[in-house]
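This is what each chain is made of:
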Amino acid sequence: MRKMTSEFAIAVHALVYLNHKQETLASEELAKNVCTNPARIRKVMAKLKKKNLIATKEGQNGGYHTSMEAGDVDLAMIYDALETEAVCASWKSGNPDMECMVASGMADIMDDIYGELNEVCREKLSKITIEDIDKRIFHREER
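Residues numbered from 1 in each chain as written. Predicted model: local features only at pLDDT ≥ 70, side-chain atom pairs only at ≥ 80, totals over all residues. Heavy atoms only, no water.

Colleague: Explain the overall build of the protein chain here, please?
Modeller: Across its full length, the protein chain holds six helices and four strands. For the protein chain, the succession of helices and strands along the chain, N to C, is β-α-α-α-β-β-α-β-α-α. Taken over C-alpha atoms, the radius of gyration comes to 19 Å for the protein chain, far larger than the 15 Å a tight globule of 143 residues would show. Referenced to the eigenvectors of the C-alpha coordinate spread, the extents of the protein chain come out at roughly 65 × 35 × 25 Å. (Helix = DSSP H or I, 4+ residues; strand = E, 2+ residues; numbered from the N terminus. Rg over C-alpha atoms; globule rule 2.2 N^0.38 Å.)

Pasting the structure below:
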């Protein structure tokens with residue numbers, strides 16, 4: 001696992017846009033709407049396709065399209081497809097070989113806390129679907 005990056009936002013944005021358009025879209029069109037470059041889109045979409053969250057069409061009018069109903073795709077599925085963690089540390093304090101209980105125990109304790117936070121985050125994400133986000137966007141627009 002690696003820390004959550006902008007890939008998560010790209011994936012959610014792309015899925016909401018694909019759901020909204022209900023057609024096959026090239027990486028260039030998705031990139032334009034997401035405001036990134038097509039290479040980043042292709043990298044993220046490959047991970048989503050691997051988990052069957054999207055499908056692709058080859059050829060001249062090829063690209064990406066939805067493969068599931070928007071209400072059946074929750075953000076935890078995307079989180080899992082991208083193999084990320086919401087909270088992680090690239091550096092650990094202390095040293096397990098030191099005699100001090102604080103120095104020798106801190107890294108494991110922090111890993112446990114980060115693990116618990118990731119579970120809470122994943123649980124929250126499992127309750128939000130692409131359809132929910134679509135409704136929030138268009139409900140806000142109607143105000």
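Colleague: What am I meant to see in the packing of helix α1 (residues 6–21) against helix α2 (residues 27–34) here?
Modeller: To characterise two packed helices, one gives the angle between the axes of the helices and the distance between these axes. Packing of α1 against α2 leaves a shortest axis separation of 10 Å and a crossing angle of 110°. It follows that α1 is roughly perpendicular to α2 by the angle criterion. When the axes of α1 and α2 are compared, the crossing they make is right-handed. Every residue of α2 that contacts α1 at Ile10, His13, Ala14, Tyr17, Leu18 and Lys21 is listed here: Glu29, Leu30, Asn33 and Val34. Classifying every residue of the contact of α1 with α2 gives six nonpolar, two polar and two charged. (Axes fitted to C-alpha atoms, helices over the stretch in contact; angles between N-to-C directions. Parallel < 35°, antiparallel > 145°, perpendicular 65-115°, else oblique. Left-handed = near helix turned anticlockwise from the far one by under 90°. Contact = heavy atoms within 4.5 Å. Nonpolar A, V, L, I, M, F, W, Y, C, P; charged D, E, K, R; others polar.)

Colleague: Got a minute to help me understand the side chain of Asn118 in this structure?
Modeller: Mapping Asn118 onto the fold places it in helix α5 (residues 101–125). You can call Asn118 buried: its relative accessible area is 10%. For Asn118, the side chain forms a polar contact with the side chain of Tyr79, separated by 3.3 Å. A distance of 2.8 Å separates a polar atom in the side chain of Asn118 from the backbone oxygen of Val87. The residues touching Asn118, leaving out its near neighbours within four places in the chain, are Tyr79, Glu85, Ala86 and Val87. (Buried < 20%, exposed > 50% of the residue type's maximum accessible area, 1.4 Å probe, protein only. Polar contact = N/O pair within 3.5 Å; in protein donor to acceptor, adjacent residues only side chain to side chain.)

Colleague: Got a minute to help me understand the pairing of strand β2 (residues 54–57) in this structure?
Modeller: Regular strands place their side chains on alternate faces of the sheet. The pairing of β2 with strand β3 (residues 63–66) spans four bridges and is classified as antiparallel. What sits directly across from Ile54, in β3, is Thr66. Once β2 ends, the chain turns through five residues before running back antiparallel as β3, passing Gly59 with a positive phi of about 105°. (Pairing = 2+ DSSP bridges.)

Colleague: What am I meant to see in the pattern of salt bridges here?
Modeller: Two side chains bearing opposite charge may form a pair once their charged atoms approach each other closely. Using the criterion set out here, one finds six salt bridges in the structure. Residue Lys43 pairs with Glu7 through a salt bridge whose shortest N-O separation is 3.5 Å. You can see Lys43 sitting in helix α3 (residues 38–50) and its partner Glu7 sitting in helix α1, a full 36 residues away along the chain. Residue classification places Lys43 among the exposed positions, given a relative accessible area of 51%. Asp80 is the partner of Arg122 in a salt bridge, and the nearest nitrogen-oxygen pair spans 2.3 Å. Of this pair, Arg122 sits in helix α5 while Asp80 sits in helix α4 (residues 75–81), and the two are 42 residues apart along the sequence. Via salt bridges that share partners, Glu7, Lys43 and Lys47 belong to a single interconnected network. (Salt bridge = Lys/Arg side-chain N within 4 Å of Asp/Glu carboxyl O.)

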